[in-house]
Amino acid sequence: MTATDTAGGRRRPPTKPLAKRLADAAEPWLYSAPVLVLIIAVMLVPLVLGLSYAFRDIQLLNPFSGGFVGLAHFRELAQDQAFYRALRNTLWWTGASVFLQFLFGLILALLLDKPFAGRGLAQALVFLPWAVPTFLAGLNWAWLFNPVIGPLPHWMAALGLLSAPNNILADPQLAMWGPIIANVWWGIPFFAITLLAALQAIPRDLYEAAAIDGANPLQRFTSITLPFLAPTIAITVLLRTVWIANFADLIIVMTNGGPADRTQIVASYIFTQAFKRLDFGYASAIALVLLVLLLAYSMVIVVIRQKLIEKD
């Protein structure tokens with residue numbers, strides 16, 4: 001009996017040589033090798049090095065640093081009141097920014113979903129703030145909040161929001177609102193564009209059938225629009241939350257964490273430790289804690305999104 005015969009007389013294909021089978025198995029990996037090498041070189045290697053710094057004493061001004069210190073940085077971090085204050089500020093900064101960006105972005109998406117003359121131009125203008133570099137946006141808003149040359153303090157004083165046209169960026173009670181307002185202005189287009197794309201994917205006959213059944217606009221929104229948008233809302237909120245929690249550009253440009261650390265968030269605190277105090281070991285330990293917190297949050301949101309998809 002040959003290799004191609006069976007007991008029943010039927011033929012089976014010849015067995016490939018071992019070298020041929022190994023070559024076929026390795027072929028997909030060879031095609032993807034350039035991308036894998038790039039990912040490892042650009043992402044994984046810096047990540048591993050950064051994580052290793054959290055367990056080493058890396059101080060640029062100390063030529064004798066660089067040794068392994070174990071969990072010393074984390075023990076110091078557990079006693080660091082400035083870190084806990086920055087963590088509370090991060091929750092306020094991230095929560096307020098994401099909520100207001102989502103709220104105004106959803107309203108804007110609902111308006112742009114309606115046909116009207118010049119809608120294409122309006123969509124382009126909505127996207128415009130997203131195209132402004134964050135450094136330039138921070139400088140512009142710092143100028144707008146300046147009580148000497150900026151208009152906003154005078155307008156808010158005229159509306160009764162301020163007792164006098166003072167600089168809110170120098171007020172410990174109000175300073176965080178400056179970067180939050182700038183961040184909301186800059187980030188609304190992200191929610192507006194993504195939610196608009198999701199709105200336009202909803203079948204229009206569902207709204208027509210609901211209108212025929214007597215559903216009012218609010219009922220159509222809660223029973224049709226929100227369920228269809230729920231998975232998109234979950235992923236966009238996840239992305240923006242992680243982004244804003246790591247986003248210190250506006251704060252560094254507008255307030256530099258002041259006054260009295262009232263606008264210092266964890267991301268800007270990492271920047272301060274690494275590039276002002278030149279303590280990369282301690283900064284890496286803070287970054288590792290922030291990474292773990294954001295990973296835990298991301299897992300929760302992903303699970304919620306999966307539940308919403310399965311429910312639909």
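## Things to note about the pattern of salt bridges
Line of reasoning, step 1. Summed over all chains, the structure comprises two salt bridges.
Line of reasoning, step 2. When the shortest N-O distance is used, the salt bridge between Asp261 and Arg85 registers 3.6 Å. Of this pair, Asp261 sits in the loop between helix 10 (249-254) and helix 11 (266-275) while Arg85 sits in helix 3 (residues 81-112); the two residues are 176 residues apart in sequence, bridging distant segments of the chain.
Line of reasoning, step 3. For Arg85, a relative accessible area of 29% translates into the label partly exposed.
Line of reasoning, step 4. In this structure, Arg204 engages Asp113 in a salt bridge whose closest nitrogen and oxygen atoms are separated by 2.9 Å. Of the two residues, Arg204 sits in helix 8 (residues 204-212) while Asp113 sits in the loop between helix 3 and helix 4 (119-131), which places them 91 residues apart along the sequence.
Line of reasoning, step 5. In this structure Arg204 comes out as partly exposed when scored by relative accessible area, which is 38%.

## Overview of helix 11
For an α-helix the count is 3.6 residues per turn, leaving residues at separations of three or four pointing the same way.
Line of reasoning, step 1. Summarising burial for helix 11: eight of the 10 residues are buried, a large majority.
Line of reasoning, step 2. For helix 11, the complete set of buried residues consists of Val266, Ala267, Ser268, Tyr269, Ile270, Thr272, Gln273 and Ala274.
Line of reasoning, step 3. Buried residues in helix 11 make contact with helix 3, helix 9 (217-245), helix 10 and helix 12 (280-311).

## With respect to the side chain of Asp57
Line of reasoning, step 1. By secondary structure assignment, the location of Asp57 is in the loop between helix 1 (18-53) and helix 2 (72-78).
Line of reasoning, step 2. Separated by 2.9 Å, the side chains of Asp57 and Gln59 make a polar contact.
Line of reasoning, step 3. Leave out the neighbours within four places in its chain, and Asp57 touches Asn62, Ser65, Gly66, Gly67, Val69 and His73.

## Quick look at the confidence of the model for the protein
Line of reasoning, step 1. On average, residues of the protein carry a pLDDT of 87, and 95% of them reach 70 or more.
Line of reasoning, step 2. Confidence, read as mean pLDDT per element, is least for helix 1 in the protein (82) and greatest for helix 3 (94).

## Here's the deal with a nonpolar patch on the surface
Line of reasoning, step 1. Nonpolar side chains collect at one region of the surface, where Val35, Leu38, Ile39, Ile40, Val42, Met43, Leu44, Val45, Leu47, Leu49, Leu291 and Leu295 lie side by side and expose about 1,000 Å² of accessible area between them.
Line of reasoning, step 2. Per-element tally for the nonpolar patch: the top contributor is helix 1, with 10 residues.
Line of reasoning, step 3. Considering the arrangement of structural elements, one finds Val35 in helix 1.

## What about unusual backbone geometry?
Line of reasoning, step 1. With an omega dihedral of -5°, the bond running from Gly258 to Pro259 counts as a cis peptide bond.
Line of reasoning, step 2. Position of Pro259 among the secondary structure elements: in the loop between helix 10 and helix 11.
Line of reasoning, step 3. The phi torsion at Ala260 lies on the positive side, around 55°, for a residue other than glycine.
Line of reasoning, step 4. Here Ala260 shows up in the loop between helix 10 and helix 11.
Line of reasoning, step 5. Although it is not a glycine, Asp261 sits at a positive phi angle of roughly 65°.

## Re the packing of helix 3 against helix 7 (residues 177-200)
Line of reasoning, step 1. Their axes nearest at 6 Å, the elements helix 3 and helix 7 cross at an angle of 40°. With respect to helix 7, the axis of helix 3 lies oblique. In terms of crossing hand, the pair formed by helix 3 and helix 7 is right-handed.
Line of reasoning, step 2. Looking at the contact of helix 3 with helix 7 residue by residue, the class counts come to 22 nonpolar, five polar and no charged.

## Some remarks on the environment of Val237
Line of reasoning, step 1. Tracing the sequence through the fold places Val237 in helix 9.
Line of reasoning, step 2. A sequence separation of 166 residues divides Val237 from Leu71, and the C-alpha atoms of the two residues are 33 Å apart.
Line of reasoning, step 3. Ignoring any residue separated from it by four or fewer positions in sequence, one finds Val237 in contact with Val98, Phe191 and Tyr297.

## Remarks on helix 7
Line of reasoning, step 1. With 24 residues, helix 7 should cover 34 Å at 1.5 Å per step; its first-to-last C-alpha distance of 33 Å lies within 8% of that length.
Line of reasoning, step 2. Along helix 7, the largest kink reaches about 35° and is centred on Gly187; proline Pro189 follows within four residues of it.
Line of reasoning, step 3. Counting buried positions along helix 7 gives 17 out of 24 residues, so the element sits mostly inside the fold.

Parameters and conventions
Residues numbered from 1 in each chain as written. Predicted model: local features only at pLDDT ≥ 70, side-chain atom pairs only at ≥ 80, totals over all residues. Heavy atoms only, no water. Salt bridge = Lys/Arg side-chain N within 4 Å of Asp/Glu carboxyl O. Helix = DSSP H or I, 4+ residues; strand = E, 2+ residues; numbered from the N terminus. Buried < 20%, exposed > 50% of the residue type's maximum accessible area, 1.4 Å probe, protein only. Contact = heavy atoms within 4.5 Å. Polar contact = N/O pair within 3.5 Å; in protein donor to acceptor, adjacent residues only side chain to side chain. pLDDT = per-residue confidence, 0-100. Patch = residues over 30% accessible without salt bridge, like charges linked within 9 Å, V, L, I, M, F, W, Y side chains within 5 Å. Areas by Shrake-Rupley, 256 points an atom, 1.4 Å probe, with all protein chains shown as cover. Axes fitted to C-alpha atoms, helices over the stretch in contact; angles between N-to-C directions. Parallel < 35°, antiparallel > 145°, perpendicular 65-115°, else oblique. Left-handed = near helix turned anticlockwise from the far one by under 90°. Nonpolar A, V, L, I, M, F, W, Y, C, P; charged D, E, K, R; others polar. Expected span 1.5 Å × (residues − 1). Bend = angle between axes of the 7 residues up to and from the residue.

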